[in-house]
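Structural characterization, general
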Amino acid sequence: MSSLSARETAYQTIRSRIITMELKPGDPLNDRELAEELGISRTPMREALLMLNLARMVDIKPQSGTHVAPINLKLMEMEQFARYTLEKEILNRLRGHVTPRQEEEYRSNIETYRVLEADMSQPDRTARMLELDNAFHRKSFELCGMEAHYDHMLASLQHVERIRKFSLQTEENKSVCSSHTAILEALLHGSADDVSEALESHLSRYKQSVAQARSVHPEYFIDE
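Source: prediction; values computed, not measured. (Residues numbered from 1 in each chain as written. Predicted model: local features only at pLDDT ≥ 70, side-chain atom pairs only at ≥ 80, totals over all residues. Heavy atoms only, no water.)

What to know about helix H7 (residues 147–156)
What sets the pattern is the α-helix's 3.6 residues per turn: residues three or four places apart point alike. Buried within H7 are the following residues: Tyr 150, Met 153 and Leu 154. Looking down the long axis of H7, one finds its buried residues gathered within 95° of arc, a one-sided arrangement. Set apart from the buried face of H7 by more than 90 degrees, the exposed residues are Ala 148 and His 152. (Buried < 20%, exposed > 50% of the residue type's maximum accessible area, 1.4 Å probe, protein only. Helix = DSSP H or I, 4+ residues; strand = E, 2+ residues; numbered from the N terminus. Arc of directions from axis to C-beta.)

Set out below in structure tokens:
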């Protein structure tokens, strides 16, 4: 494995663990142990941690070491606004042009999510729900031939993505199917304002997850 691919592998692995809350805010990160775990040298691991530090997902302090950074609420709001602005544009390009087959694909995604949400015994339930949620939002980009824009956007959402794990444990999660349905109905039959309202209502619900998570783990968050 080249040093470049080792660094990228390390970056994506640690980033994923932070986003899924396998590594929680404040958890220590030992570059030697992480490098051994991934079977790479310490240099690409250190480089990956520096990249995560630039993304504000890792704190590196000479006196106290390297730790998972808290969730930055100011950056989260900036990310969510950028996502809303881009996705609203894509949805309105698609509005009124969804074919019956595409509508059925949308509804199948929503129903699969609904069934999975109701069955707590399903293996990898949380990860699969997140995948279905991503697939729903990515679909409009795909149908506009702009899926690369969605993938780039998702890769840049460092702090918003971290709260999604919490959302699956709050009342927000129970609104996903109805919110996705409202977005679809606006795509099929609504105006540009209807699309904007449905999307804004859906994306703003993360604030409920923040409030609930912060009441339990205030140390996970900062407002800077």
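Alright, that's what it looks like, and here's the rest.
Observations regarding the pattern of salt bridges
By the definition in use, this model includes 15 salt bridges. A salt bridge links Arg 138 to Asp 151; the shortest N-O distance between them is 2.8 Å. In this pair, Arg 138 is assigned in helix H6 (residues 125–143) and Asp 151 in helix H7, connecting sequence segments 13 residues apart. Given a relative accessible area of 22%, Arg 138 falls into the partly exposed group. (Salt bridge = Lys/Arg side-chain N within 4 Å of Asp/Glu carboxyl O.)

Examining the domain arrangement of the chain
Where interface size is quoted, it is often the accessible area lost as the parts come together. Each assigned domain of the chain is listed here: domain 1 (4–68) and domain 2 (70–218). Between domain 1 and domain 2 lies a buried interface of about 1,000 Å² when both sides are counted; carbon and sulfur atoms form 55% of it. Contact with domain 2 buries area across many residues of domain 1, yet Ile 19, Met 21 and Arg 56 alone supply 44% of it, more than any other trio. There are three residue pairs in polar contact (both at pLDDT 80 or more) connecting domain 1 and domain 2. (Domains from an automatic or database assignment. Buried area = accessible area lost by both parts, 1.4 Å probe. Polar contact = N/O pair within 3.5 Å; in protein donor to acceptor, adjacent residues only side chain to side chain.)

Examining the pairing of strand S2 (residues 65–68)
Only one face of S2 is buried: it carries Thr 66 and Val 68, and the other face, with Gly 65 and His 67, is open. Across four bridges, strand S1 (residues 58–61) lies against S2 in antiparallel orientation. Counted as the bridge partner of Ile 60 is Thr 66 from S2. Here S1 hands over to S2 after three residues, the two strands then running antiparallel side by side. (Pairing = 2+ DSSP bridges.)

Quick word on the packing of aromatic side chains
This model, assessed by the stated rule, comprises two aromatic pairs. Look at Tyr 106 and Phe 136: their rings are 5.3 Å apart centre to centre, the planes differ by 65°, and that puts the pair in the edge-to-face class. Taken together, the residues span a long stretch of sequence, with Tyr 106 in helix H5 (residues 100–118) and Phe 136 in helix H6 at a distance of 30 residues. (Phe/Tyr/Trp six-rings, centres within 6.5 Å; stacked < 30°, edge-to-face > 60°.)

Observations concerning unusual backbone geometry
The phi angle at Met 21 is positive, at roughly 65°, despite the residue not being glycine. By the secondary structure assignment, Met 21 is in the loop between helix H1 (3–19) and helix H2 (31–38). In this structure, Asp 124 takes a positive phi of about 50° despite not being glycine. With a relative accessible area of 60%, Asp 124 lands in the exposed category.

Examining the packing of helix H9 (residues 176–189) against helix H10 (residues 192–203)
Helix-helix packing is described using two parameters, namely the angle between the two axes and the distance between the axes. Viewed as axis vectors pointing N to C, H9 and H10 meet at an angle of 165°, and their least axial separation amounts to 8 Å. Looking at the two axes, H9 sits roughly antiparallel to H10. Here the hand of the crossing between H9 and H10 comes out left-handed. Here Ser 179, His 180, Ala 182, Ile 183, Ala 186 and Leu 187 of H9 come into contact with H10, specifically with Asp 194, Val 195, Ala 198, Leu 199 and His 202. Taken together, the residues of the contact of H9 with H10 sort by class into seven nonpolar, three polar and one charged. (Axes fitted to C-alpha atoms, helices over the stretch in contact; angles between N-to-C directions. Parallel < 35°, antiparallel > 145°, perpendicular 65-115°, else oblique. Left-handed = near helix turned anticlockwise from the far one by under 90°. Contact = heavy atoms within 4.5 Å. Nonpolar A, V, L, I, M, F, W, Y, C, P; charged D, E, K, R; others polar.)

Regarding the side chain of Ser 179
Take Ser 179: it is sitting in helix H9. By relative accessible area, Ser 179 is classed as buried at 6%. Polar side-chain contacts of Ser 179 include one of 3.5 Å to the side chain of Arg 205. Apart from residues lying up to four places away in sequence, Ser 179 is in contact with His 202 and Arg 205.

Comments concerning the packing of helix H4 (residues 73–94) against helix H11 (residues 206–216)
The interhelical angle for the contact between H4 and H11, taken along N-to-C directions, is 165°, at an axis separation of 12 Å. What the angle tells us is that H4 and H11 run roughly antiparallel. Crossing angle aside, the handedness with which H4 passes H11 is right-handed. From H4, Leu 73, Met 76, Glu 77 and Gln 80 reach across to H11, where they touch Tyr 206, Val 210 and Arg 214. Taken together, the residues of the contact of H4 with H11 sort by class into four nonpolar, one polar and two charged.

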